[in-house]
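Single-letter residue listing:
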Amino acid sequence: MTTEHTAEHWLGRSVKRKEDDRFLQGKGNYVDDINLPGMLHMSILRSPVAHARINSIDTSAAAALPGVVAVVTGELLAQHNLAWMPTLSGDTQAVLATDKVRMQGQEVACVIAEDPYIAHDALELIEVDYDPLPVVVTPQQSLEPGAPVIRDDKEDKQDNRIYHWEAGDPEATERAFAQADRVVEYETFYPRCHPAPMETCGCVADVNPVTGKATIYMTSQAPHAHRTVFALVAGLPEHQIQIISPDIGGGFGNKVPVYPGYVVATAASLLLGRPVKWIEDRTGNLISTGFARDFYMKGQLALREDGKMLGLRVNMLSDQGYAYADAQPSKLKAGLFHIVTGSYDIPAAHVVTDGAYTNKAPGGVAYRCSFRVTEASYFIERLVQTAAYELGVDPVELRRRNFIQPEQFPYTSATGFVYDSGNYEAALDKALEMLGYEDLKAEQERARQEGKLIGIGLATFTEVVGAGPSKDYDILGLKMFDSAELRVHPTGKAILKIGVQTQGQGHETTFAQIVANELGIPPSDILVQHGDTDNTPYGLGTYASRSTPTAGAATAVVSRKLRDKARELAAHLLEVAPEDLEWVGDRFQVRGAPDRQTTIQEAAFAAYTNHPQGMEAGLEGVTYYDPPNMTYPFGAYAVAVEVDRGTGQWKVKRMVAVDDCGVRINPMIVEGQIMGGLTEGFAMAAMELITFDELGNCIGSNFSDYLIPTSWETPKFELGETVTPSPHHPIGAKGVGESATVGSPAAFVNAVVDALAHAGVRELEMPMGPDKVWKALAEAGLAE
Ligand code: MCN
Ligand code: CUN
């Protein structure tokens, strides 16, 4: 009798998240859950002023408070050559201030005490004598001649410019503009915002006084890279440093940089011989850690009369704060901002970028961004809408006339990106159909006659994620490959160890699904381990939606290696040649005699109990995957809003998001990623803002000033999908973790601007609070 066997499919299946059992039952293990015997607690004193010379720091009263074990200052660190540390973009940042403070909230001193409350109380007893200096809060001010030089700690630094970097072809772009019938200009500012994860940053540093081994439990999106940086900063041998990222309560990019708190806690543990815990407070998190955006952008689009785009010029000025600390590929000074041509076939482009120091927090890239794609995507999608108004064509039509066409892939953009695959029109069609675009336009017209304002906004964005190919991508010289190690044990249960680190993205489930898809071992039999540098292979970590494109690919490749070995084992067991076997998803069958079969579990057992002579025992392997290209997910988002002419408030009537991230491993998790990302995109468009007064006081240092949406404010999202597989990824998947945050802000802004556009309004700066919208209404004569 022949057995008809069909293996279960594990891709495209909404397997429930394995990690949720422990999260839902309160059994997560976050850094603050870690308590070690003899552990001390650290608290950080931060500068109240944005720019000042430090005349003196008196720690005597704090040190005398009962329960205080030590007070650490920059001067003490300087004795160990630890007062400054390198940033991920090769600049330097103070660990604790010595000469000057250069931003409000800068780390000035740390108290180590027997309990966290004593540590906190002792901060008030530290006397710091500051001599205020002129403050610079915008990059425009900072680049003016005569502006105070912020980084005068560097001997050769005479001004505040950090970098000047260009991409594209200036001559070709000039020629394109010379041929243009129309030139449309657009200028905007993408304000500073903050990822604000639920869990702030923190660590427990445990340097063993006997062995010298440093075990650091840390909120880290990139434990391996952080270990290497620690080895370089502290001069500790790398094998004596173990970084463990336990469960992480959201990262969103905030936990990519190295922060002073980690370094001081580790130094303190080394000096005191006891474990030291540091848990950042909310204000510390908002005021001093990885912010996002703060990009001033201006550009021109050259068009033919029929709407064909010919050329694009963009100038960008970036506010980096007092240290250039963007976690981004070394070569690319403004990250991937030069993908600013977006989804459009623009033959020529020239992008000029500059970065400047200001008296503000460093951090740069964070917040669901893939290295500045967010700003680029926002800019081009807003510019295209502006061009549509200027040309008097429907924004849908202008997009259609300029999309890169499916047959043009792989498509090389004017700034050198090689887009792997796409079908932009299909995604747009789907979004318009879901939205009922034509009907909505008619409704908008009717509403206008009744004195009501409805706006429709689109964004048809392209992302670039999965950094990255080692020829172009490295951070501090570390190439951006990623890794997977897979062991299948005798009973056919497996353990997968990966170099990336989940912060809520569900890797324990989706990575098990990738193995299951290749080997037929059910995900429930596969343990996914990550976030422990001693027990996982080297990798650059989770950010820039790179986990699936890099470590996900490594996981598929290593699984296939094991399957090849399993084939040999099955052939041995069935006494046939390996070529005579057919893989059917979870077992090998003899071609022509399918009831003769060996399951993957049987092959695994044989690997330890009955392997052929001459073959190595065991069923395990490791792969380091160097991606041949980035992946280019994309989407079409459509938003309809209603704007209240009396108050300037706007409400989302509909929000349709069609995403294409290639093959979806777990549709439920992908949709969760998109919902979360859309919420954050909405948040930036509507309310999230870190700003500063002229003295450099941070406004947005707590949750009553820094507004994040709750479920009450968050609109309903309607999701759709198209599937255009990545041709170079082993399972055709593209990253998706950031798409919705990258793509959606422009759609929201386009919608609100569209409601006012007939009265000449072209620009509203984010966040579009009712005050701003009301002012625009009033200026356009629309307010009532
Ligand atoms: N996935 C899938 N099919 C695809 C693509 C992805 O099933 N075609 C799944 C993945 O396997 C993974 C998740 O979706 O479980 C996200 O995958 P990916 O796009 O590879 O992104 P990363 O895992 O690298 O996550 C990083 C990304 C970034 S950079 C930020 S910022 C962000 C984001 O993820 N931070 C998050 N989403 C977050 N979600 C939560 N809950 N918490 C954060 O801190
Ligand atoms: Cu830039 S935020 Mo995510 O890449 O960690």
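Structure: above.
Residues numbered from 1 in each chain as written. Chains lettered and ligands numbered in written order. Predicted model: local features only at pLDDT ≥ 70, side-chain atom pairs only at ≥ 80, totals over all residues. Heavy atoms only, no water.

Q: Residues and numbers for the overall build of the protein, please.
A: Counting secondary structure elements, the protein contains 19 helices and 34 strands. Computed over the C-alpha atoms, the radius of gyration of the protein is 28 Å, within 12% of the 28 Å expected from 2.2 N^0.38 for a compact globule of 784 residues. Judged by the C-alpha coordinates and their principal axes, the protein covers about 85 × 75 × 50 Å. The buried share among the 784 residues of the protein stands at 62%. Intrachain contacts of the protein at a sequence separation of at least 6 include 79% that bridge at least 24 residues. (Helix = DSSP H or I, 4+ residues; strand = E, 2+ residues; numbered from the N terminus. Rg over C-alpha atoms; globule rule 2.2 N^0.38 Å. Buried < 20%, exposed > 50% of the residue type's maximum accessible area, 1.4 Å probe, protein only. Contact = heavy atoms within 4.5 Å.)

Q: Report on the coordination of the copper atom of ligand 2, specifying residues and quantitative values.
A: On the protein, Cys 369 (SG) is the one donor atom to the copper atom of ligand 2, at 2.0 Å. Note that Cys 369 resides in the loop between β17 (348-356) and α10 (373-391). (Donors = N, O, S within 2.8 Å, 3.2 Å for Na, K, Ca; no water.)

Q: Provide a residue-level description of the sheet that holds strand β31 (residues 650-660), including the pertinent values.
A: With respect to topology, four strands assemble into an open sheet ordered β20-β30-β31-β34, the strand pairing being mixed. At either margin of the open sheet sits one strand with a lone partner, and together these are β20 (453-462) and β34 (718-721). Ignoring strand direction, the axes of neighbouring strands in this sheet form an average angle of 15 degrees. Strands β30 (634-643), β31 and β34 of the sheet are contacted by helix α17 (residues 667-686), whose axis makes an angle of about 140 degrees with β31. Packed on one face of the sheet, helix α18 (residues 739-757) meets β20, β30 and β31 and runs near 150 degrees to β20. (Pairing = 2+ DSSP bridges. Axes fitted to C-alpha atoms, helices over the stretch in contact; angles between N-to-C directions.)

Q: Describe the environment of Ala 180, naming the residues involved and giving the relevant values.
A: Its location among the elements puts Ala 180 in the loop between α6 (170-179) and β10 (182-190). Of the residues examined, Ala 180 reaches a relative accessible area of 19% and is grouped as buried. Note: C-alpha distance between Ala 180 and Leu 303 (123 residues apart in sequence) is 5.3 Å.

Q: Tell me about a negative patch on the surface, residues and numbers included.
A: Together, Asp 564, Glu 568, Glu 579 and Asp 580 make up a region of like negative charge exposed at the surface. Summarising the element assignment, Asp 580 is placed in the loop between α15 (548-574) and β26 (581-583). (Patch = residues over 30% accessible without salt bridge, like charges linked within 9 Å, V, L, I, M, F, W, Y side chains within 5 Å. Areas by Shrake-Rupley, 256 points an atom, 1.4 Å probe, with all protein chains shown as cover. Salt bridge = Lys/Arg side-chain N within 4 Å of Asp/Glu carboxyl O. Lys, Arg positive; Asp, Glu negative; His and termini not counted. Charge placed at Lys NZ, Arg CZ, Asp CG, Glu CD.)

Q: Tell me about the site of ligand 1, and please be specific about residues and values.
A: Around ligand 1, a shell composed of 33 residues is seen, among which Gly 251, His 507, Thr 548, Gln 673 and Val 736 lie nearest. One of the side-chain N or O atoms of Thr 548 is found 2.6 Å from an oxygen atom in ligand 1. Between a nitrogen atom of ligand 1 and a main-chain N or O atom of Cys 661, the distance comes to 3.2 Å. Mapped onto the shell around ligand 1, the elements with two or more residues apiece are α14 (507-519), α15 and α17. Here the element with the most residues in the shell around ligand 1 is α17; it accounts for three residues. For the shell around ligand 1, a count of residues per class yields 11 nonpolar, 17 polar and five charged. (Near = heavy atom within 4 Å. Polar contact = N/O pair within 3.5 Å; in protein donor to acceptor, adjacent residues only side chain to side chain. Nonpolar A, V, L, I, M, F, W, Y, C, P; charged D, E, K, R; others polar.)

Q: Quick one: what's the story with the pairing of strand β3 (residues 68-73), residue by residue and with numbers?
A: Burial analysis of β3 places five of its six residues in the buried class, the great majority of the element. Bridge analysis of β3 against strand β7 (residues 107-113) gives five bridges, and the strand direction is antiparallel. Bridge pairing in β7 links Thr 73 to Ala 109.

Q: Tell me about α17, and name the residues and values.
A: Here α17 contains 20 residues, and its C-alpha end-to-end distance of 28 Å stays within 8% of the 28 Å for a straight helix at 1.5 Å per residue. Counting buried positions along α17 gives 15 out of 20 residues, so the element sits mostly inside the fold. The N-capping residue of α17, defined by a side-chain oxygen 3.1 Å from the backbone nitrogen of Met 668, is Asn 666. (Expected span 1.5 Å × (residues − 1).)

Q: Run through the site of ligand 2, naming residues and quoting values.
A: Taken together, Gln 221, Phe 252, Gly 253, Val 365, Ala 366, Tyr 367, Arg 368, Cys 369, Ser 370, Tyr 543, Ala 544 and Glu 738 make up all the residues around ligand 2. Between ligand 2 and the protein, one listed contact pairs an oxygen atom with a side-chain N or O atom of Gln 221 at 2.9 Å. Within the contact set of ligand 2, an oxygen atom lies 3.2 Å away from a backbone nitrogen or oxygen of Gly 253. When its residues are assigned to classes, the shell around ligand 2 shows seven nonpolar, three polar and two charged.

Q: Go over helix α8 (residues 260-272), please, and point to the residues and values.
A: In a regular helix each residue adds 1.5 Å, so 13 residues correspond to 18 Å; α8 covers 18 Å between its end C-alpha atoms and thus fits that length. Most of α8 sits out of view: 10 of its 13 residues are buried. Inspection of α8 places Pro 260, Gly 261, Tyr 262, Val 263, Val 264, Ala 265, Thr 266, Ala 267, Ala 268 and Ser 269 among the buried residues, and these make up the whole buried set. Looking one or two residues beyond α8, the residue adopting positive phi is Gly 273, at roughly 70 degrees.

Q: Go over the pattern of salt bridges, please, and point to the residues and values.
A: In the structure shown here, the tally under the stated rule is 52 salt bridges. The partner of Asp 420 in a salt bridge is Lys 734, and the shortest N-O contact between them spans 3.4 Å. You can see Asp 420 sitting in the loop between β19 (418-419) and α12 (424-435) and its partner Lys 734 sitting in the loop between β34 and α18, a full 314 residues away along the chain. According to the relative accessible area criterion, Asp 420 is buried, its value standing at 5%. Residues participating in the shared-partner salt-bridge network are Asp 91, Asp 99, Lys 100, Arg 102, Arg 151, Asp 152, Asp 153 and Lys 154.

Q: Before we move on, could you go through the environment of Trp 774 and cite the residues and values that matter?
A: In this structure, Trp 774 sits in helix α19 (residues 770-779). For Trp 774, a relative accessible area of 37% puts it in the partly exposed group. For Trp 774, the residues in contact, after removing those within four places along its chain, are Arg 645, Gly 646, Thr 647, Gly 648 and Ala 783.

Q: Report on the nonpolar core, specifying residues and quantitative values.
A: Judged by nonpolar contacts, the single largest core of 170 residues is most densely connected at Phe 337, Val 643, Trp 650 and Phe 748. Non-local contacts of Phe 337, meaning those with residues more than four positions away in its chain, are made with Phe 295, Met 297, Val 314, Met 316, Val 351, Thr 353, Phe 371, Arg 372, Glu 375 and Ala 376. Core analysis: the second largest hydrophobic core is formed by 45 residues, Phe 511, Leu 562, Trp 583 and Ala 603 among them. (Core = buried A, V, L, I, M, F, W, Y, C linked by side-chain atoms within 4.5 Å.)

Q: How would you summarise the packing of α10 against α18 if you had to cite specific residues and measurements?
A: At a closest axis distance of 8 Å, the pairing of α10 and α18 adopts a crossing angle of 25 degrees. Considering their axes alone, α10 and α18 lie roughly parallel with respect to each other. Crossing handedness for the pair α10 and α18: right-handed. Contact with α10, carried on its side by Val 373, Thr 374, Ser 377, Tyr 378, Glu 381, Arg 382, Gln 385 and Tyr 389, involves Thr 741, Val 742, Gly 743, Pro 745, Ala 746, Val 749, Asn 750, Val 753, Asp 754 and Ala 757 of α18 and no other residues of that element. Within the contact of α10 with α18, the residues separate by chemical class into nine nonpolar, six polar and three charged. (Parallel < 35°, antiparallel > 145°, perpendicular 65-115°, else oblique. Left-handed = near helix turned anticlockwise from the far one by under 90°.)

Q: Break down the packing of aromatic side chains for me, with residues and values.
A: Geometrically, a pair of aromatic rings is defined through the distance of the ring centres and the angle of the planes. Throughout the structure, instances matching the rule amount to 22 aromatic pairs. Ring geometry for Trp 650 versus Phe 682: centroids 5.9 Å apart, planes at 70 degrees, classification edge-to-face. Linking Trp 650 in strand β31 with Phe 682 in helix α17, this pair joins segments that are 32 residues apart in sequence. Relative accessible area serves as the criterion here: at 12%, Trp 650 is assigned to the buried category. Members of the aromatic cluster, joined through ring pairs, are Tyr 344, Phe 403, Phe 409, Tyr 424 and Phe 634. Here the basic side chain of Arg 22 rests over the ring of Phe 23, its NZ or CZ set 4.8 Å away from the ring centre. (Phe/Tyr/Trp six-rings, centres within 6.5 Å; stacked < 30°, edge-to-face > 60°. Lys NZ or Arg CZ within 6 Å of the ring centre and 35° of its normal.)

Q: An account of the sheet that holds strand β2 (residues 52-58) is requested, with residue identities and associated values reported.
A: To summarise the sheet geometry, strands pair through backbone hydrogen bonds and adopt either a parallel or an antiparallel arrangement. Ordered by their spatial adjacency, three strands build an open sheet running β6-β2-β8, and the pairing between neighbours is antiparallel. Both edges of this open sheet fall to β6 (100-101) and β8 (127-132), since each of them pairs with a single strand only. As judged from the two bridges shared by β2 and β6, these two strands associate in the antiparallel manner. Directly across from Ala 52, in β6, lies its bridge partner Val 101.

It is worth stressing that arrangement in space is one thing and function is another; only the former is reported here.
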